[in-house]
Amino acid sequence: MTDNSTFIGMDVHKNSIDIAIAQTGRKGQVRHYGKIDGTLSALDKVVRKLVSKGNRLQFVYEAGPCGYQIYRHLTAQGFDCSVVAPSRIPKPSGKQIKNDRRDALMLARLHRAGELTAVYVPLAEDEAIRDLTRAREDAKGDEKKSKQRLLAFLLRSGIRYTGRASWSQAHMRWLSDIKMPHRSQQIVLQEYIGTLNQCKDRVKRLTDQIQQLLPEWQRFPVVQALQSMRGVSMIVAATTVAEVGDLKRFQNPAELMSYLGLVPSEHSSGQKTRRGSITKTGNGHVRRVLVEAAWAYRLPARVSRVLLKRQEGLPQSICEIAWKAQLRLCSRYRHLWAKGKIKPVVVTAIARELCAFMWAIANETKVPAEV
């Protein structure tokens with residue numbers, strides 16, 4: 001840290017940015033620069049004025065809905081910029097007044113003191129794939145809601161399906177044969193069925209786009225390698241890599257487990273040790289797909305035809321890790337189930353260990369140097 005550093009705290013909103021400036025040294029002045037428009041051109045004007053003073057500029061702002069556009073814009077110009085986690089910002093007790101000006105002053109002061117925790121900023125390409133996987137996840141959520149609305153409507157009308165499996169081809173044919181007693185109810189039924197079909201088509205389109213665009217992604221080798229594991233489909237692997245980014249940035253699997261919020265919470269004091277449910281403080285998108293993948297390990301370990309096809313062309317070391325994971329996790333599932341643990345707890349424990357094996361596979365995979 002040089003003596004001529006200037007720490008700039010920015011409270012970023014959709015249409016405005018509040019800026020505060022702190023000079024080097026704890027006794028240096030912390031002052032409010034002012035409020036500007038939330039555009040990059042307005043920010044550039046401020047940057048040019050501050051650069052003219054010859055100081056080394058270090059910017060900081062909170063992660064939020066405005067994304068990483070400011071970070072990428074400033075770092076592209078060679079400036080030091082950090083995006084910090086709002087939940088990790090120290091907040092004084094008894095604070096009764098909060099506004100944009102005070103937030104900017106606090107950010108500048110804490111950044112100068114080195115008390116802020118920066119978040120991992122994904123590459124622009126990683127974020128683009130992440131947007132695609134999240135769009136598919138949203139489409140699946142809409143599909144689920146449309147199914148619930150349709151079933152609730154039929155249940156209110158006293159109509160129940162007696163077949164074996166819901167949403168199968170037989171179920172959909174049964175839906176198309178239903179005749180409601182009133183014309184308005186028939187219209188509602190057709191609209192609900194149409195909405196469901198639209199959601200299914202949207203999910204299929206997004207899935208196809210993910211499959212087409214993944215080979216162009218620099219992290220595609222990692223996505224391929226992760227699919228060597230049981231339960232880790234293309235969507236699970238793509239979601240994990242797009243959300244987490246470079247898995248090698250974690251020093252050990254425990255850091256990745258904690259990052260994903262899969263570790264147990266703890267409240268211990270003195271002789272008492274109390275552990276509760278998982279913290280859920282990390283990335284919920286990855287945590288959800290890992291829990292879904294973990295259900296595959298309730299069955300005996302085996303390399304199926306589908307899994308064998310996904311492992312074609314992969315290094316032997318990766319396939320060995322995938323088989324080792326199967327043996328470990330299938331045995332672990334049976335052991336925890338025999339101890340009387342409920343299935344959601346067992347599957348969560350399997351998901352926690354699953355991400356450790358994924359970390360090991362990522363470290364065995366070679367990625368292009370450009371990443």
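Worth saying up front: this structure is predicted, and the values here are computed from it rather than measured.

Q: Quick question: what am I supposed to make of the layout of surface pockets here?
A: Unoccupied space between atoms shows up once a probe the size of one water molecule is rolled over them. A volume near 770 Å³ is recorded for the largest pocket. Forming the walls of the largest pocket are 24 residues, and the residues nearest its centre are Ala85, Val119, Tyr120, Tyr259 and Thr281. When residues of the lining of the largest pocket are traced back to their parent elements, those giving at least two are helix H4 (124-156), helix H9 (253-259) and helix H10 (284-294). Classifying every residue of the lining of the largest pocket gives 10 nonpolar, nine polar and five charged. A volume near 310 Å³ is recorded for the second largest pocket. As for the second largest pocket, its lining consists of 19 residues, and the residues nearest its centre are Asp11, Val12, His13, Glu62 and Ala63. Among the elements of the structure, strand E1 (5-12), strand E4 (56-62) and helix H3 (100-113) are those that each provide at least two residues to the lining of the second largest pocket. When residues in the lining of the second largest pocket are grouped by element, the largest group, three residues, is from E1. Grouping the amino acids of the lining of the second largest pocket by side-chain chemistry returns nine nonpolar, three polar and seven charged.

Q: Help me understand the packing of H4 against helix H8 (residues 234-244) in this model?
A: How two helices sit against one another is set out by the angle between their axes and by the gap between those axes. Running from amino to carboxyl end, H4 crosses H8 at an angle of 135 degrees, the nearest separation of the two axes being 8 Å. Relative to H8, H4 is oriented oblique. In terms of crossing hand, the pair formed by H4 and H8 is left-handed. Residues Asp126, Ile129, Arg130, Thr133, Arg134 and Arg136 of H4 touch H8, and the partners they reach there are Ile235, Ala238, Thr239, Ala242 and Glu243. When grouped by side-chain class, the residues that make up the contact of H4 with H8 number four nonpolar, two polar and five charged.

Q: Quick question: what am I supposed to make of the environment of Arg72 here?
A: Residue placement: Arg72 occurs in helix H2 (residues 69-76). Arg72 sits in the partly exposed class, given a relative accessible area of 24%. A sequence separation of 52 residues divides Arg72 from Ala124, and the C-alpha atoms of the two residues are 8.7 Å apart. Residue contacts for Arg72: discarding those within four places in its chain leaves Pro122, Leu123, Ala124 and Glu127. Within the local environment of Arg72, its side chain forms a polar contact with the backbone oxygen of Pro122, the two atoms lying 2.7 Å apart.

Q: Would you take a moment to explain the pattern of salt bridges for this structure?
A: Opposite charge on two side chains permits pairing when their charged atoms draw close. Considering all chains together, one arrives at 14 salt bridges under this definition. The salt bridge involving Lys35 is made with Asp18; its shortest N-O contact spans 3.6 Å. A residue pair is termed long-range when its members are at least 10 positions apart, and Lys35 in strand E3 (residues 30-37) and Asp18 in strand E2 (residues 16-23) qualify at 17 residues. The class for Asp18 is buried, based on a relative accessible area of 2%. Beyond isolated ion pairs, a larger network of salt bridges with shared partners links Arg72, Glu127 and Arg130.

Thresholds, definitions, all that
- Residues numbered from 1 in each chain as written.
- Predicted model: local features only at pLDDT ≥ 70, side-chain atom pairs only at ≥ 80, totals over all residues.
- Heavy atoms only, no water.
- 1 Å grid on protein atoms, 1.4 Å probe; cavity = no way out; pocket = protein on both sides within 12 Å on 5 of 7 lines; lining within 4 Å.
- Points joined across faces, edges and corners; volume = space filled by probe spheres on them.
- Helix = DSSP H or I, 4+ residues; strand = E, 2+ residues; numbered from the N terminus.
- Nonpolar A, V, L, I, M, F, W, Y, C, P; charged D, E, K, R; others polar.
- Axes fitted to C-alpha atoms, helices over the stretch in contact; angles between N-to-C directions.
- Parallel < 35°, antiparallel > 145°, perpendicular 65-115°, else oblique.
- Left-handed = near helix turned anticlockwise from the far one by under 90°.
- Contact = heavy atoms within 4.5 Å.
- Buried < 20%, exposed > 50% of the residue type's maximum accessible area, 1.4 Å probe, protein only.
- Polar contact = N/O pair within 3.5 Å; in protein donor to acceptor, adjacent residues only side chain to side chain.
- Salt bridge = Lys/Arg side-chain N within 4 Å of Asp/Glu carboxyl O.

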